[in-house]
There are 2 protein chains.
Amino acid sequence: MENEEFFTFREYMAKDDNLLTASMQDYLEMIFRLAVHSGYTRTHDLAAALNVQPPSTTKMMKRLAEVGLVNYEKYGVITLSEKGKEIGKALLERHLIIEEFLQLLGVTENVLQETEKIEHTISDHTLQCIDNFVAFLKNRPKIMIDFKGFQREA
Amino acid sequence: MENEEFFTFREYMAKDDNLLTASMQDYLEMIFRLAVHSGYTRTHDLAAALNVQPPSTTKMMKRLAEVGLVNYEKYGVITLSEKGKEIGKALLERHLIIEEFLQLLGVTENVLQETEKIEHTISDHTLQCIDNFVAFLKNRPKIMIDFKGFQREA
DNA sequence: TTAAATAGTTAGCGACGTCTAACATTTTTC
DNA sequence: GAAAAATGTTAGACGTCGCTAACTATTTAA
């Protein structure tokens, strides 16, 4: 345990068992959100939603199509493959868990941004622990009331 | 509140008010750790500690020297400037807070790695909330005992 | 005190993921 | 159905931060 090694942030991200970069995850999650109703999205909307320029989206769609996560054809609509849907859904769920967690902790500033940043960095195991803890706190509402008082003192 | 916008992870990191990239922070924190006793460190040791090749370190030292956070001269020792020390210390404290927090949550796998990843992503405000929550939990040891039981059920 | 070992630097490459500018396609509108 | 508007793509640049290969400097030890 003592012999864990340090790596730079960049290295951890690269090492990450998942083969998806943080950006790839961002795009997948957003496609999933945008496609919930219609079933698809487009370069333009995706770029706008992520605050990115359209060419960045096009480039990423090619990459995601290559690894079989999205269905994409020039000038066409963007949809998620089955695998892509699965991942997109999991990413969105992860997002929601973290968001709720941060809110419980009393984070009020830029919750969305904080969520977006954290969600890419944690392992499944950590997410599991967080999820568990959120469930625990929801199960014991008195704790949170107590915590609110504690915050006020601090 | 509803109108928060999404950005890709990369953009959040770049936007980050702090002008320090994640890598810069990694180096600063590690220099601070390594220099605690002797007051300095060297390219070789720093590279080894971060699991990086020496040229990467040299390159980064030049950058950090440019922005006045480290004192660095070719073939010489590496020390932190006053400002660098201040930041390095804060980074290390942040690290320790998050590490403790994760342990409380029951994270047992790769705690170091998870800490390293998270520490670069959260804002001061979020860190503050976490710190606060850790203090709260330490103040109410029964809660953690209760949580341990809850975990076992799950 | 010089040869060998260790440490450090320079130069240049590669992946990623942005961007802009220029061009192509599709859709809308009159 | 042709011109205008909106959308999408290609090409190429850039910054960050890893890397290796080759070279330079310093330290150690015989």
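Residues numbered from 1 in each chain as written. Chains lettered and ligands numbered in written order. Predicted model: local features only at pLDDT ≥ 70, side-chain atom pairs only at ≥ 80, totals over all residues.

Draft legend 1. Broad picture of the relation of the copies chain A and chain B. Each copy superposes on the other: chain A lies on chain B with an RMSD of 0.1 Å after a rotation of 180° and an axial shift of 0.0 Å. The two molecules are tied by a two-fold rotation axis, judged by turn and shift. By C-alpha distance to the rotation axis, the residue of chain A lying nearest is Ile118 of chain A, at 3.2 Å. Of the residues that chain A buries at the interface, 100% are likewise interface residues in chain B, meaning the two copies contact each other through the same surface. (Least-squares fit on C-alpha atoms with pLDDT ≥ 70 in both. Contact = placed C-beta atoms within 7 Å.)

Draft legend 2. Here's a closer look at the environment of Ile87 of chain A. Residues and elements named next belong to chain A. You can see Ile87 is positioned in helix α5 (residues 82-105). Judged by the 20 C-beta atoms lying within 10 Å of it, Ile87 falls in the buried class. Counting along the chain gives 46 residues from Ile87 to Phe133, while the straight-line C-alpha distance between them is 23 Å. Excluding residues within four positions of it along the chain, Ile87 makes contact with Leu28 and Leu69. (Helix = DSSP H or I, 4+ residues; strand = E, 2+ residues; numbered from the N terminus. Buried ≥ 20, exposed ≤ 12 C-beta atoms within 10 Å, placed from the backbone.)

Draft legend 3. Region of interest: the protein's contact with DNA strand C. In the neighbourhood of DNA strand C, 21 residues make up the surrounding shell, with Thr21 and Pro55 of chain A together with Arg42, His44 and Pro55 of chain B lying closest. Contributing elements (two or more residues each) for the surface near DNA strand C: α2 (22-38) and α4 (54-66) of chain A together with α3 (43-50) and α4 (54-66) of chain B. Here the surface near DNA strand C takes four residues from α4 of chain A, the largest share from any one element. (Near = placed C-beta within 6 Å.)

Draft legend 4. Main features of the protein's contact with DNA strand D. The full set close to DNA strand D counts 21 residues, and Arg42, His44 and Pro55 of chain A together with Thr21 and Ser23 of chain B are the nearest of them. Broken down by secondary-structure element, the contributors of at least two residues to the surface near DNA strand D are α1 (9-15), α3 (43-50) and α4 of chain A together with α2 (22-38) and α4 of chain B. Of the residues belonging to the surface near DNA strand D, the class tally is nine nonpolar, eight polar and four charged. (Nonpolar A, V, L, I, M, F, W, Y, C, P; charged D, E, K, R; others polar.)

Draft legend 5. Here's a closer look at the packing of α2 of chain A against α3 of chain A. Residue and element names in this part refer to chain A. Following both chains from N to C, one finds α2 and α3 inclined at 115°, their axes separated by 10 Å at the closest point. Crossing angle aside, the handedness with which α2 passes α3 is right-handed. Residues Asp26, Tyr27, Met30, Ile31 and Leu34 of α2 form the contact with α3, whose own contacting residues are Asp45, Leu46, Ala49 and Leu50. Grouping the constituent residues of the contact of α2 with α3 by class yields seven nonpolar, no polar and two charged. (Axes fitted to C-alpha atoms, helices over the stretch in contact; angles between N-to-C directions. Left-handed = near helix turned anticlockwise from the far one by under 90°.)

Draft legend 6. Looking closely at the nonpolar core. One finds Tyr27, Leu28, Ile31, Leu50, Leu64 and Val70 of chain B to be the most contacted residues of the largest nonpolar core, which totals 23 residues. For this core, the elements supplying multiple residues, two or more each, are α1 of chain A together with α2, α3, α4, β2 (78-80) and α5 (82-105) of chain B. Sorting elements by how many residues they give to this core places α2 of chain B first, with seven residues. The next biggest cluster of nonpolar side chains, apart from the first, holds 22 residues, and it includes Phe32, Val52, Met61 and Leu80 of chain A. (Core = buried A, V, L, I, M, F, W, Y, C linked by C-beta atoms within 7 Å.)

Draft legend 7. Spotlight on the interface of chain A and chain B. Counting from both sides, the interface comprises 45 residues of chain A and, opposite them, 45 residues of chain B. When residues of the side of chain A that touches chain B are traced back to their parent elements, those giving at least two are α1, α2, α3, α5, α6 (111-119), α7 (124-139) and α8 (141-153) of chain A. Take the side of chain A that touches chain B: its biggest share by element is seven residues, from α7 of chain A. Here the side of chain A that touches chain B is composed, by residue class, of 23 nonpolar, 13 polar and nine charged.

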